[in-house]
Amino acid sequence: MRISVKAPAKINLTLDVLAKRPDGYHEVEMVMTTVDLADRVDLTLRQDGAITLDCSASFVPDDIRNHAYKAAVLLRERYQIRQGVHVHIDKQIPVAAGLAGGSSDAAAALRGLNKLWNLGLSLDELAAIGAEIGSDVPFCVYGGTALARGRGEQITHLPAPAPCWVILAKPPIGVSTADVYGRLRVQEIACHPSTEQMIRSIREQDFSLMCRSMGNVLEEVTLDMHPQVRQIKELMEQSGADGVLMSGSGPTVFALVQKEAKVHRIYNALRGFVKDVFVARMLGMPDGEMLA
Ligand code: ATP
């Protein structure tokens, strides 16, 4: 028996850091939404009880360091499952890019294994298990659009924003999330995004207000470290994007546009500059699609 699950990338419409917590994590407030740039996670039942994994991108770990593998191990141990699974990841989301690819693979594995192993768990239960793997996994379990608080694991669902195109560009550099957070001086953040205004723009389907409300306090940190990321941002702005922001800790920068003609203009401008450029639609609502 085999199940295929879509694992969509997420973008941050806002990312605010409120404080550094005594446990070392940061207290965040993020509005996130899924886009239709997605990995595919295939789960094939194994009767011998083993958990194995392979990934189309050879540099992604294929053992317990892989978030999807960890998800399978956690579920199997917690519910004393005798069966195993082979996980195959068809990687489309760029890795270490600020798009939560690994977290989304873990979330897809949790949703798929819930079916494959007949666990009958709710999405809330899967999200709670996901929080043990990573802060972005609970959001990825639900998909759609949400406000994430705490470490990122406290989810409040939001309606779908006004539909639009999303053009994503990832320069060929690796950014460590821990490094970016480590360099952030929370007391010195000059400009916090208005999470409240972003939520209002989404509820009112006000695309223009949504673009004006975009903000990410990690952006300046990554932009200072990597001038190439700043150049991509400026190129998108000069090419007529309605809204431009770095996602997560970067280095991916995305542009939001409503008019299809602008998509081509921005895509072409970027392609001369960076190899990894993707055009996607905002999903807005969870599609939770099981492919087979
Ligand atoms: P986030 O936005 O949640 O910080 P990210 O998009 O920046 O995530 P990922 O693509 O999830 O980053 O990769 C971060 C690291 O996680 C990689 O260096 C990789 O080695 C590891 N990793 C573990 N599992 C996976 C997976 N299934 N896919 C990609 N990377 C994975």
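Calculation rules
- Residues numbered from 1 in each chain as written.
- Predicted model: local features only at pLDDT ≥ 70, side-chain atom pairs only at ≥ 80, totals over all residues.
- Heavy atoms only, no water.
- Axes fitted to C-alpha atoms, helices over the stretch in contact; angles between N-to-C directions.
- Helix = DSSP H or I, 4+ residues; strand = E, 2+ residues; numbered from the N terminus.
- Left-handed = near helix turned anticlockwise from the far one by under 90°.
- Contact = heavy atoms within 4.5 Å.
- Nonpolar A, V, L, I, M, F, W, Y, C, P; charged D, E, K, R; others polar.
- Domains from an automatic or database assignment.
- Buried area = accessible area lost by both parts, 1.4 Å probe.
- Salt bridge = Lys/Arg side-chain N within 4 Å of Asp/Glu carboxyl O.
- Polar contact = N/O pair within 3.5 Å; in protein donor to acceptor, adjacent residues only side chain to side chain.
- Near = heavy atom within 4 Å.
- Areas by Shrake-Rupley, 256 points an atom, 1.4 Å probe, with all protein chains shown as cover.
- Buried < 20%, exposed > 50% of the residue type's maximum accessible area, 1.4 Å probe, protein only.
- Pairing = 2+ DSSP bridges.
- Core = buried A, V, L, I, M, F, W, Y, C linked by side-chain atoms within 4.5 Å.
- Disulfide = S-S within 2.5 Å.
- Expected span 1.5 Å × (residues − 1).

1. Regarding the packing of helix α9 (residues 227-238) against helix α10 (residues 260-271)
Relative placement of two packed helices is described by the angle separating their axes and the distance separating the axes. Where α9 contacts α10, the axes come no closer than 9 Å and their chain directions differ by 150°. The chirality of how α9 crosses α10 is right-handed. For the pair α9 and α10, the contacting residues are Ile 232, Leu 235 and Met 236 in the first and Ile 266, Ala 269 and Leu 270 in the second. Taken together, the residues that form the contact of α9 with α10 break down as six nonpolar, no polar and no charged.

2. As for the domain arrangement of the protein
Split by domain assignment, the protein resolves into domain 1 (2-158) and domain 2 (165-281). Averaged C-alpha coordinates put domain 1 and domain 2 at centres separated by 23 Å. Across the contact, 28 residues belong to domain 1 and 33 residues belong to domain 2. The contact between domain 1 and domain 2 buries some 2,400 Å² in all, and 68% of this surface belongs to carbon and sulfur atoms. Its largest share of buried area at the contact with domain 2, domain 1 owes to Leu 13, Leu 15 and Val 17, together 23% of the area lost on that side. Seen at the junction of domain 1 and domain 2, the total is zero salt bridges. Across the contact surface, domain 1 and domain 2 share eleven residue pairs in polar contact (both at pLDDT 80 or more). Elements represented by at least two residues in the side of domain 1 that touches domain 2 include exactly β1 (2-20), β2 (26-46) and β5 (145-150). When its residues are assigned to classes, the side of domain 1 that touches domain 2 shows 17 nonpolar, six polar and five charged.

3. Structural notes on the site of the ligand
Lining the immediate environment of the ligand, one finds 20 residues, of which Ala 96, Ala 100, Gly 102, Asp 105 and Asp 136 sit closest. The contact in question runs from an oxygen atom of the ligand to an N or O atom on the backbone of Ala 97, over 3.5 Å. Within the contact set of the ligand, an oxygen atom lies 2.8 Å away from a backbone nitrogen or oxygen of Gly 102. For the ligand, the accessible surface in isolation is 620 Å², of which the surrounding protein chains cover 79%. Residue contributions to the shell around the ligand peak at four residues, all from helix α2 (residues 101-116).

4. Focus: the environment of Arg 203
Tracing the chain through its elements places Arg 203 in helix α6 (residues 195-203). Along the primary structure Arg 203 and Pro 159 are separated by 44 residues, whereas in three dimensions their C-alpha atoms are 6.4 Å apart.

5. Quick notes on the pairing of strand β3 (residues 51-55)
Where burial is concerned, the two faces of β3 differ: the one with Ile 51, Leu 53 and Cys 55 is buried and the one with Thr 52 and Asp 54 is not. In the sheet, β3 pairs with strand β4 (residues 84-90) via five bridges, with the strands oriented parallel. Within β4, the residue paired with Leu 53 across the bridge is Val 87.

6. Some details on the nonpolar core
Formed by 78 residues in total, the largest nonpolar core has its most connected members in Val 17, Val 85, Trp 117 and Met 236. Taken domain by domain, the makeup of this core includes at least three residues from each of domain 1 (2-158) and domain 2 (165-281). Beyond its immediate stretch of four places on either side in the chain, Met 236 contacts Ile 167, Ala 169, Ala 241, Val 244, Val 253, Phe 254, Ala 255, Ile 266 and Leu 270. Within the second largest apolar cluster, 27 residues are counted, among which are Ala 9, Ile 93, Met 214 and Leu 256.

7. Remarks on the state of the cysteines
This model, assessed by the stated rule, comprises zero disulfides. Here Cys 55 stays free of any disulfide, with the sulfur of Cys 140 as its closest cysteine sulfur at 16 Å. Judged by relative accessible area, Cys 140 falls into the buried class, the value being 5%.

8. Side note on helix α1 (residues 67-78)
The end-to-end C-alpha separation of α1 is 16 Å, in line with the 16 Å expected for twelve residues at 1.5 Å each. Here α1 has its buried residues at Ala 68, Tyr 69, Ala 71, Ala 72, Val 73, Leu 74 and Leu 75. Looking at the buried residues of α1, the elements they touch are β3, β4, α2 and α3 (123-130). Structurally, the start of α1 carries an N-cap: the backbone nitrogen of Ala 68 is 2.9 Å from a side-chain oxygen of Asn 66. In the segment just after α1, Gln 80 is the residue with positive phi, at about 45°.

9. Topic: unusual backbone geometry
Here the residue pair Gly 250 and Pro 251 is connected by a cis peptide bond, since its omega of 5° sits within 30 degrees of zero. One non-glycine residue, Ala 100, adopts positive backbone phi at about 60°. Note on placement: Ala 100 falls in the loop between β4 and α2. A positive phi angle is found at Asn 118, which is not glycine, with a value near 50°. By the secondary structure assignment, Asn 118 is in the loop between α2 and α3.

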